[in-house]
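Read off the chains here:
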Amino acid sequence: MSDFNVERFQLRAEWTAHAACRDMDTALFFPERGEVTSTAKAVCSGCPVVAECLAYAMNTPERHGVWGGLSERQRRRLRNGDQRRIVPRPITHGTRGGYIAHRRRGEPACDDCRRAAATEKLDARRARALT
C-alpha cells in the first residue's frame, strides 16, 4: 500500500473527465488477442487528453488495452526505444493522401481531405473522357 500515490490518482481523475472514451464500453479498448484495435484508436485520435492517457499508461504498469491511441505492443516498443510504426505520420490535410491516411486509420476524413479526394477523382474521370 505504500506505493499508492494520492496525488497521482487525483491527477488521473482530472484528465479522465475530459476523455473521449469516458462514457464508452471499456471492452472496446481491451480487445481479445488478435482482435482489431482500429476502432479504439479512432476514438483516441480525436481525444483532447490522448497525451495524458499515454503518459499514464507509460508511467504505470498498464500492460493491456489501448491507451493513448497505442496498443500494448506499441507501448512496449516505445518503452524499448523502438519508435518505428508507433506514432503515425502526420496527415497532410487537403490532399488525396490525407484522405487515404484518414481511411487507413479508421477515422472519418476531414472536409478538406474529402474535397481533395473528390476533386482528384473528378479530374481523373475528365482526363479519361478526353482520351
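Engineer: Can you help me understand the overall build of the chain in this one?
Structural biologist: Looking only at helices and strands, the chain has six helices and zero strands in total. Helices (α) and strands (β) of the chain occur, in sequence order from the N terminus, as α-α-α-α-α-α. Partitioning the intrachain contacts of the chain with sequence separation of at least 6 by distance along the chain shows that 30% fall at a separation of at least 24. When the accessible area of the chain is evaluated, it comes to approximately 9,900 Å², of which 52% is carbon and sulfur surface.

Engineer: Please explain the environment of Trp15 as it appears in this structure.
Structural biologist: Examined against the element boundaries, Trp15 turns out to sit in helix α1 (residues 6–16). Considered as a pair, Trp15 and Val50 are 35 residues apart in the sequence and their alpha carbons are 9.4 Å apart.

Engineer: How do you make sense of the packing of helix α3 (residues 50–59) against helix α4 (residues 72–79) when you look at a structure like this?
Structural biologist: Pairs of packed helices are described in terms of their axes, by the angle between the two and the distance that separates them. Here α3 crosses α4 at 70°, and the two axes come no closer than 11 Å. Classified by the interaxial angle, the pair formed by α3 and α4 is roughly perpendicular. Contacts from Leu54, Ala57 and Met58 of α3 reach α4 at Arg75, Leu78 and Arg79. Looking at side-chain class alone, the contact of α3 with α4 contains four nonpolar, no polar and two charged residues.

Engineer: Can you help me understand α3 in this one?
Structural biologist: Because an α-helix packs 3.6 residues into every turn, residues spaced three or four apart end up facing the same way. Where α3 is concerned, the buried positions are Cys53, Leu54, Tyr56 and Ala57. Buried residues along α3 cover an arc of 160° about the axis, so they all sit on one side. In α3, those exposed residues whose orientation departs by more than 90 degrees from the buried face are Ala51 and Asn59.

Definitions and cut-offs
Residues numbered from 1 in each chain as written. Predicted model: local features only at pLDDT ≥ 70, side-chain atom pairs only at ≥ 80, totals over all residues. Heavy atoms only, no water. Helix = DSSP H or I, 4+ residues; strand = E, 2+ residues; numbered from the N terminus. Contact = heavy atoms within 4.5 Å. Areas by Shrake-Rupley, 256 points an atom, 1.4 Å probe, with all protein chains shown as cover. Axes fitted to C-alpha atoms, helices over the stretch in contact; angles between N-to-C directions. Parallel < 35°, antiparallel > 145°, perpendicular 65-115°, else oblique. Nonpolar A, V, L, I, M, F, W, Y, C, P; charged D, E, K, R; others polar. Buried < 20%, exposed > 50% of the residue type's maximum accessible area, 1.4 Å probe, protein only. Arc of directions from axis to C-beta.

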